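Report on the structure
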Amino acid sequence: MPRTPLVAVLAALLLTSACAGSPDPGGPQPAPAPPAGSTAVDSASLGELSGIDVVFLSTMVGHSERTLQIVRSSRDRVRDDALRTLAAAIEATEADELVAMRGWLPTTGPGASAAAHHHEGHGDDAALDRLRNAPAPDVDRVLREVLADHQRSAADLARAQVGVGRNERVRDLARRIEQSRTAEVELLGGTP
């Protein structure tokens, strides 16, 4: 199958899962109400979160915020239509997941300090600067490289959570993150 239709199919699947998932862009913006059918649930129906679940969610919030910075910083500069479609699907999916994860994190009590931890400056600053400063002819290639590395680390983190997490809903989210990020890395590995 040619790459463009494959990317379009994956983008449609990612957007579909985004409609059933949950995130808003990073930064100090208020989270919108989750859409009908969203994976966002009230904290009471989520059940108890272990410390490892809170750490995972907190880390993934920071990771997704950075993903949104990456795709948004190059949105108007990407030349390849298939890459633009994939980046838009990634943005929609992670924005939706971000809303759910923020809603699941405790705001008081044990674990709240881990949940409140911000992830700015945790290693992706140089990659984001590299993307922002890439000359126009190199943007697609640099975006593929930066985003593939970033999504690979998300897949690794999610895979680890599946093995050690305590809350089944959080583990289910981790499974979905591992699968989607792994598929994205495979698609990003292609040449423009």
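Just so you know, the residues in each chain are numbered from 1, in the order the chain's sequence is written. Owing to the predicted nature of the model, reporting of local features is limited to residues with pLDDT of at least 70; listing and counting of side-chain atom pairs is limited to 80 or more, with chain, interface and lining totals taken over all residues. Where side-chain values are given, they derive from all heavy atoms of the structure, hydrogens and water being excluded.

**Describing the packing of helix H6 (residues 125-132) against helix H7 (residues 139-164)**
Packing of H6 against H7 brings their axes to within 9 Å, and their N-to-C directions diverge by 165°. Judged on the interaxial angle alone, H7 and H6 are roughly antiparallel. Crossing angle aside, the handedness with which H6 passes H7 is left-handed. Residues Ala127, Arg130 and Leu131 of H6 lie in contact with H7, whose contacting residues are Val139, Arg141, Val142, Leu143, Glu145 and Val146. Interaxial angle, 0 to 180 degrees, is taken between N-to-C directions of lines fitted to C-alpha atoms, where a helix line uses only the stretch in contact. Elements are defined by DSSP. Helices are runs of H or I of four residues or more, strands are runs of E of two residues or more, and each kind is numbered from the N terminus. Just so you know how the angles are binned, under 35 degrees is roughly parallel, over 145 roughly antiparallel, 65 to 115 roughly perpendicular, and the rest oblique. Put simply, a crossing is left-handed when the front helix is turned counterclockwise from the back one by less than a right angle, and right-handed when it is turned clockwise. Contact between two residues is taken to exist if any of their heavy atoms lie within 4.5 Å; hydrogens are not considered.

**Section: the side chain of Glu94**
Position of Glu94 relative to the elements: it lies in helix H4 (residues 81-104). Here Thr67 takes part through its side chain, which lies 3.2 Å from a polar atom of the side chain of Glu94. Counting of polar contacts relies on pairs of N or O atoms within 3.5 Å, with two restrictions inside protein: one atom must be capable of donating a hydrogen and the other of accepting it, and residues adjacent in sequence are counted only when both atoms are side-chain atoms. In terms of polar contacts, Glu94 uses its side chain to reach the side chain of Arg181, at 3.1 Å.

**Quick look at the environment of Ser50**
By secondary structure assignment, the location of Ser50 is in the loop between helix H2 (43-46) and helix H3 (51-74). Among the polar contacts made by the side chain of Ser50, one reaches the side chain of Asp53 at a distance of 3.0 Å.

**A closer look at the pattern of salt bridges**
By convention in these notes, a salt bridge is any Lys or Arg side-chain nitrogen within 4 Å of a carboxyl oxygen on Asp or Glu. Applying the stated rule across the entire model yields 17 salt bridges. The salt bridge partner of Arg102 is Glu65, with a shortest N-O separation of 2.6 Å. You can see Arg102 sitting in helix H4 and its partner Glu65 sitting in helix H3, a full 37 residues away along the chain. For Arg75, the salt bridge is made with Glu91, and the minimal N-O distance between the two is 2.6 Å. One end of the pair, Arg75, is in the loop between H3 and H4; the other, Glu91, is in helix H4, and 16 residues separate them in sequence. Burial classification: accessible surface area is computed with a 1.4 Å probe over protein chains only, and a residue below 20% of its type maximum counts as buried, one above 50% as exposed, and the rest as partly exposed. A relative accessible area of 40% places Arg75 in the partly exposed class. Given the relative accessible area of 17%, Glu91 is considered buried. Connected through salt bridges with shared partners, the residues Arg130, Asp138, Arg141 and Glu145 form a single ionic network.

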